Amino acid sequence: MSDALDLTVMYAMHGALRRDLAQLDRVTTAADCDPVRVLATAAGWTLFKQALRAHHAAEDDALWPSLRRNLAGRPKDLGLLEVMEAEHAAVAAVIQAIDELLAVPGAAPLRLGQLTDALTRGLAGHLTHEEDTAFPLIRRTLTTEQWAHFSQVHARHISKDAPVLLPWLLDGADKPTATRLLAQLPAPAYAACTARWIPAYAALDRWSPGTTA
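Fair warning: this is a prediction, and the values are worked out from it, not measured in the lab.

Undergrad: What is the right way to read helix α8 (residues 175-183) from this model?
TA: Because the α-helix completes a turn every 3.6 residues, residues three or four places apart line up on one side. The complete set of buried residues in α8 reads T177, A178, L181 and L182. The arc enclosing the buried residues of α8, seen along the axis, measures out at 125 degrees, which places them on a common side. α8 presents K175, P176 and A183 as exposed residues on the side facing more than 90 degrees away from its buried surface. Residues of α8 that are buried make contact with α1 (8-29), α7 (162-170) and α9 (187-202).

Spelled out as structure tokens, the structure:
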């Protein structure tokens, strides 16, 4: 067990997801835009989904299974892991409902607003719940080897769309966090990220209709 696990990437991911939830709220409540068209055609919604799915897939694949093995015989803590997985599923179901609505011609902005409100409440609540209950459990229970394995799996999921997801993750991060995350990259990825990926991301108006990542 270790009290020295570096959860920087977890907190950075949560911060980036909260940033995009705030943007979703602005998009769906703005009086001067069509939120259905924005979400249906803007890169921001696609990037948000890609990042969230990569993060949750890594947790489901490598984090919860390791914790479950370590927590055998501790039903209360095992119950928390079941809740974490159930919250993942609930968030995924709302995202699917939003995508299904966006595919319907003439979809109602009011219904979209209701769904994005549900997504914001559900995901924001999950992130806080995870930080308050699962993070301390991770620090108390997971070995450094298990955490390293999860970090590798998380990086592998992110790497599938690294040119957009790495700048997305760094967007708005404070300097110490950004420095630590960049330092973890292999030299070729670091060079590509700083020289090409971040400038391309900065030039992308993610929440404008008709944009692509």
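The rest of the description comes next.
Undergrad: Would you mind showing me how to read the environment of A202 here?
TA: Secondary-structure assignment places A202 in helix α9. Exposure remark for A202: the relative accessible area of 62% places this residue in the exposed category. Sequence-wise, A202 and P176 are 26 residues apart; in three dimensions their C-alpha atoms are separated by 20 Å.

Undergrad: Teacher, can you tell me more about the nonpolar core here?
TA: Soluble globular proteins: nonpolar side chains tend toward being buried together. Grouped together as the largest cluster of nonpolar side chains are 68 residues, with contacts concentrated most on L39, W45, F48 and L119. In terms of residue count, the dominant contributor to this core is helix α3 (residues 43-70) (11 residues).

Cut-offs applied
- Residues numbered from 1 in each chain as written.
- Predicted model: local features only at pLDDT ≥ 70, side-chain atom pairs only at ≥ 80, totals over all residues.
- Heavy atoms only, no water.
- Buried < 20%, exposed > 50% of the residue type's maximum accessible area, 1.4 Å probe, protein only.
- Helix = DSSP H or I, 4+ residues; strand = E, 2+ residues; numbered from the N terminus.
- Arc of directions from axis to C-beta.
- Contact = heavy atoms within 4.5 Å.
- Core = buried A, V, L, I, M, F, W, Y, C linked by side-chain atoms within 4.5 Å.

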